[in-house]
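# Coordinates in review
Here is what each chain is made of, one letter per residue.
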Amino acid sequence: SGINAEYKAVVSTQSTGHSDSFEQFDAIKQLSRHMTAYGGKVFDYMCKDVRFIVTQCRSWQADFSTALTVNPEVRFLKSDWIDVCCKRGETVDKSPFYLLQ
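All of the points below concern the structure found in this document. The residue count restarts for each chain, going from 1 along the sequence in the order it is written. A pLDDT threshold of at least 70 governs which residues receive local features in this predicted model, and a stricter bar of 80 or more applies before side-chain atom pairs are shown or counted, although totals over entire chains, interfaces and linings include all residues. Values reported for side chains reflect all heavy atoms of the structure, with hydrogen atoms and water molecules removed beforehand.

## A few points about the side chain of Asn71
The criterion, for reference: Helix numbers and strand numbers start at the N terminus; a helix is a DSSP run of H or I with at least 4 residues, a strand a run of E with at least 2. The term polar contact refers here to a pair of N or O atoms within 3.5 Å; inside protein, the definition further demands a hydrogen-donor-capable atom paired with an acceptor-capable atom, and it admits residues adjacent in sequence only when both atoms are side-chain atoms. We call two residues in contact when some of their heavy atoms are within 4.5 Å.
Relative to the assigned elements, Asn71 resides in the loop between α2 (62-70) and β4 (75-78). A distance of 2.7 Å separates the side chain of Asn71 from the backbone oxygen of Val50, its partner in a polar contact. Ignoring anything within four residues of it in the chain, the contact list for Asn71 reads Met46, Cys47, Lys48 and Val50.

## Structural notes on the pairing of β4
For clarity, the cut-off: Strand pairing follows a simple DSSP-based rule, namely that at least 2 bridges must link the two strands. Seen with the strands pointing away from the viewer, any crossover whose path from the first strand over the helix to the second strand runs clockwise is right-handed.
Bridge count between strand β3 (residues 52-55) and β4: four bridges; the pairing is parallel. Looking at the pairing, Ile53 lines up with Phe76 of β4. After leaving β3, the chain enters α2 and then returns to the sheet as β4, a path that is right-handed.

## Some remarks on the packing of aromatic side chains
Each aromatic ring pair is specified by the distance between its two centres and by the angle formed by the two planes. This is how the line gets drawn: A pair of Phe, Tyr and Trp rings is counted when the ring centres sit within 6.5 Å of each other, with Trp represented by its six-membered ring. The angle between the planes then sorts it: under 30 degrees is stacked, over 60 is edge-to-face, the rest tilted. We call a charge positioned over a ring when the NZ of a Lys or the CZ of an Arg lies within 6 Å of the ring centre and within 35 degrees of the ring normal.
Applying the stated criterion across every chain yields a total of three aromatic pairs. Here the aromatic rings of Trp60 and Phe64 are separated by 5.4 Å at their centres, their planes lie at 85 degrees, and the arrangement is edge-to-face. Aromatic ring contacts, followed pair by pair, group Trp60, Phe64 and Phe76 into a single cluster. Its end group placed over the ring of Tyr98, Arg75 keeps NZ or CZ at 3.9 Å from the ring centre.

On their own, these measurements won't tell you what the molecule is for.
In structure tokens:
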């Protein structure tokens with residue numbers, strides 16, 4: 001259970017509100033680790049294979065529109081989704097975690 005291989009994602013490097021870049025890097029590393037531990041695949045860069053962008057941002061960012069030009073089907077998920085999946089040990093409904101334009 002947990003996150004499965006259908007989840008091909010980029011973990012967003014957008015500002016997370018952390019006070020310094022080390023904390024931001026650590027948060028991104030942890031999100032990536034959770035994705036891969038549960039069978040997801042994390043890409044370093046946006047490409048046509050990416051299905052989701054996982055972000056700690058709470059609002060739409062200009063770079064997200066750029067990602068849509070590469071793959072108009074990509075969906076943006078708040079990182080809280082990964083946390084909830086890990087805590088419950090299963091994939092939970094993504095709907096409440098989508099970040100909308």
